[in-house]
Amino acid sequence: MDYHADRFPDYSFIFFRKSKPYCILPGCGSGEIFSSHSGLTYGGFIMGKDCTTKGMMEVLELLIAELKSQGFKRLVYKPVPYIYDLLPSQEDLYCLFRHGAVLKARLVASVLEPGVSLSYKKDRRSAIRKSEKAGIRVTQDDDYARFWPILDENLKKRYNVKPVHSLNEMEYLHSKFPRNIKLFTAFQEEELLAGTVVYLTDRVLHTQYIASTHRGKKTGAVDSIINHLIQNEQGERFLDFGTSCENEGRDLNESLIYYKEGFGGRGVCYDTYELKL
């Protein structure tokens, strides 16, 4: 998290039991709000294998007491979505409920489960056939600098925003985690038409920053990339297309989620809880 530490002052915790790490909590503090974590898509407790429900109750009580003593008034908590867990790990949600935490936001992501074959919708199959006829080839690529202008233009035209990560930040993150952060691109001959950044964990392949040129849209270049990921890269992982919501989940981008569901994506919630201290 150090690449954006200047924007999100670190306030992370390690909890010990008998001198051994029991669980950790990435966090940041701003004014009267402690958040886990404002600079991350999710950032709840990361628990050791020996963590228990009773133990988590004790941890949360310690956390609340410490935050109160430091002058915080609210705890904002974004738990890890269950598809990313190596083991069932929702003790934190139960303990937050016991302390009166309320659901503040709920975003819905579209996810493919490994080993479950769902047929693509007709328009997605048509786009893939179009890309095959156009001679689109998909490759793993390290040239983020070549892809980022396409991404910048896409986001500016569609949403009038910039990527969350700058090019320098993404290149830095890739250099630190080359096996976990990868770029897949689609070419027609030597012309770059589309790309997506992929995050790989033991359990999940997560796509981010999907973008294409005007020609790429016409030739189904993005569809060819996603089909490649499903057929060749997903393996035993969940494939997480990310969320399709705004305004804390109250507004659904129906066209975006329709596209993701066209590959068989089903809903997994990304939640945010708030606890008044």
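The following refers to the structure shown.

What counts, and where the lines are drawn
Residues numbered from 1 in each chain as written. Predicted model: local features only at pLDDT ≥ 70, side-chain atom pairs only at ≥ 80, totals over all residues. Heavy atoms only, no water. Helix = DSSP H or I, 4+ residues; strand = E, 2+ residues; numbered from the N terminus. Rg over C-alpha atoms; globule rule 2.2 N^0.38 Å. Buried < 20%, exposed > 50% of the residue type's maximum accessible area, 1.4 Å probe, protein only. Contact = heavy atoms within 4.5 Å. Salt bridge = Lys/Arg side-chain N within 4 Å of Asp/Glu carboxyl O. Pairing = 2+ DSSP bridges. Axes fitted to C-alpha atoms, helices over the stretch in contact; angles between N-to-C directions. 1 Å grid on protein atoms, 1.4 Å probe; cavity = no way out; pocket = protein on both sides within 12 Å on 5 of 7 lines; lining within 4 Å. Points joined across faces, edges and corners; volume = space filled by probe spheres on them. Nonpolar A, V, L, I, M, F, W, Y, C, P; charged D, E, K, R; others polar. Lys, Arg positive; Asp, Glu negative; His and termini not counted.

1. Structural notes on the overall build of the protein
Item 1. Secondary structure summary: the protein contains eight helices and 15 strands in total.
Item 2. For the protein, whose C-alpha radius of gyration is 20 Å, the value lies close to the compact-globule estimate of 19 Å for 277 residues.
Item 3. When its C-alpha atoms are laid out on the principal axes, the protein stretches across 65 × 40 × 35 Å.
Item 4. Taking all 277 residues of the protein together, the buried fraction comes to 47%.
Item 5. Once local pairs closer than 6 in sequence are excluded, the contacts in the protein between residues at least 24 apart make up 71%.

2. Some words on the pattern of salt bridges
Item 1. Going through the model one piece at a time under the given rule, you end up with twelve salt bridges.
Item 2. Of the charged contacts in the structure, one is a salt bridge between glutamate 274 and arginine 74, with a shortest N-O distance of 3.0 Å. Placement of the pair is glutamate 274 in strand β15 (residues 266-276) and arginine 74 in strand β6 (residues 74-77), with a sequence separation of 200 residues.
Item 3. With a closest N to O distance of 3.7 Å, glutamate 274 and lysine 104 form a salt bridge. With glutamate 274 in strand β15 and lysine 104 in strand β7 (residues 102-112), this residue pair connects regions lying 170 residues apart in the sequence.
Item 4. By relative accessible area, lysine 104 is classed as partly exposed at 30%.
Item 5. Within the structure, one salt-bridge network assembled from shared partners comprises Arg17, Lys54 and Glu58.

3. Overview of the pairing of strand β2 (residues 20-25)
Item 1. Note that strand β1 (residues 13-17) and β2 share five bridges and pair antiparallel. Counterpart to phenylalanine 13 in the pairing with β2 is leucine 25.
Item 2. Taken together, β1 and the strand that follows it, β2, pair antiparallel across an intervening segment of two residues, in which lysine 18 is found at a positive phi of about 50°.
Item 3. Across two bridges, the pairing between β2 and strand β5 (residues 46-47) is antiparallel.

4. What about the sheet that holds strand β11 (residues 204-212)?
The strands that make up a sheet pair up through hydrogen bonds in the backbone, lying either parallel or antiparallel.
Item 1. The strand order across the open sheet formed by ten strands is β3-β4-β6-β15-β7-β12-β11-β10-β9-β8, and the pairing between neighbours is mixed. Each edge of the open sheet carries a strand with a single partner, namely β3 (28-30) and β8 (136-141). Adjacent strand axes in the sheet meet at a mean angle of 25° when their direction is disregarded.
Item 2. With nine bridges connecting them, β7 and β15 associate as antiparallel partners. Note on β15: the bridge partner recorded for valine 111 is arginine 266.

5. A word on the environment of glycine 71
Item 1. Following the sequence through the fold, glycine 71 ends up in the loop between α1 (53-69) and β6.
Item 2. Taking the C-alpha atoms as reference points, glycine 71 and isoleucine 33, separated by 38 residues in sequence, lie 9.0 Å from one another.

6. Quick look at the layout of surface pockets
Item 1. What the second largest pocket holds in volume is close to 180 Å³.
Item 2. Every residue lining the second largest pocket is counted, 13 residues in all, and those nearest its centre are Val116, Ser117, Leu118, Ile230 and Gln234.
Item 3. Looking at the lining of the second largest pocket residue by residue, the class counts come to seven nonpolar, five polar and one charged.

7. Details of the side chain of glutamate 91
Item 1. Residue position: glutamate 91 is located in helix α2 (residues 91-98).
Item 2. This buried residue, glutamate 91, is left without a salt bridge; arginine 17 holds the nearest opposite charge, at 12 Å.

8. Topic: the sheet that holds β2
Item 1. The strand order across the open sheet formed by three strands is β1-β2-β5, and the pairing between neighbours is antiparallel. At either end of the open sheet lies a strand with only one pairing partner, and these are β1 and β5.
Item 2. Packing of α1 onto the sheet brings it into contact with β1, β2 and β5, and relative to β1 it is tilted by some 135°.

9. Let's talk about unusual backbone geometry
Item 1. In this model, serine 36 is joined to histidine 37 through a cis peptide bond whose omega is 5°.
Item 2. Relative to the helices and strands, histidine 37 resides in the loop between β4 (33-36) and β5.
Item 3. A positive phi angle, close to 50°, is found at lysine 18, a residue other than glycine.
Item 4. By the secondary structure assignment, lysine 18 is in the loop between β1 and β2.
Item 5. Relative accessible area serves as the criterion here: at 77%, lysine 18 is assigned to the exposed category.
Item 6. Of note in this structure, serine 19 is not a glycine but carries a positive phi near 70°.
Item 7. Relative to the helices and strands, serine 19 is located in the loop between β1 and β2.

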